[in-house]
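Single-letter residue listing:
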Amino acid sequence: MNSTKSLRALDSNTESIVVKIDQKEDYTFNKLDVSRFVNLKSLVVGDSTCNYLSGFNVNGMQQLETIRIGINSLRCKSYGSCTFSVKKCSSLKEIMIEQYSCQSHKSVIIEDNPSLEAIGIGLFYYDSHNFPGTSFELKSLFLALTMMNRLTQIEITGYWWRCDESLSSSCI
């Protein structure tokens, strides 16, 4: 899919969407709404695209299994103005975000995705500039359990130098 027109033309039963907005239209493409695709299993945002969105919100997509964000994408209109939110996607297994993406977001909320197994943000051993200075929340709906998810992989790269004295000599 390379334009808002082609997104609107897609059948609502589409199972996989690859977004690659060409640069001529990218600056006018400010909302990526996939909520009408009830059978969507895979959402891919290509490299260097969707850099003028007002936010990235994927909520209540029951069939969605994977979200992949390419290099240098989802950078927002202005610094600190966007929210990255993925909530209540019961089949979601992985979220992968490549380097230099999501640089202007004010918050990240990944909440109530009980099947989530893998989160990858950035490129290992490099400062990937993903979500700099951003509030990051990973929550489960159930208060009695800290996390219901059975994460098999979590990889968040970059310069994360914060020590918490209450965890003895642990540094994050």
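To be clear, the structure that these remarks concern was listed above.
Since we're looking at a predicted model, the values are computed, not measured.

### Here we look at the sheet that holds strand β5 (residues 82-87)
Pairing in this open sheet of four strands is parallel, and the strands run β3-β5-β7-β9 from one edge to the other. Only two strands of the sheet have a single partner each, and these edge strands are β3 (56-59) and β9 (135-139). Direction aside, neighbouring strands of the sheet carry axes that sit 10 degrees apart on average. Judged from the four bridges that link them, β3 and β5 form a sheet pairing that is parallel. What sits directly across from Asn-57, in β5, is Ser-85.

### A closer look at the packing of aromatic side chains
One pass over the full model with this rule turns up one aromatic pair. Seen in terms of ring centroids, Phe-56 and Phe-84 are 5.0 Å apart; in terms of plane orientation they differ by 20 degrees. Their pairing is stacked. With a gap of 28 residues between them, Phe-56 in strand β3 and Phe-84 in strand β5 connect regions that are remote in the sequence. Assigned by exposure class, Phe-56 and Phe-84 land together as buried.

Parameters at a glance
Residues numbered from 1 in each chain as written. Predicted model: local features only at pLDDT ≥ 70, side-chain atom pairs only at ≥ 80, totals over all residues. Heavy atoms only, no water. Pairing = 2+ DSSP bridges. Helix = DSSP H or I, 4+ residues; strand = E, 2+ residues; numbered from the N terminus. Axes fitted to C-alpha atoms, helices over the stretch in contact; angles between N-to-C directions. Phe/Tyr/Trp six-rings, centres within 6.5 Å; stacked < 30°, edge-to-face > 60°. Buried < 20%, exposed > 50% of the residue type's maximum accessible area, 1.4 Å probe, protein only.

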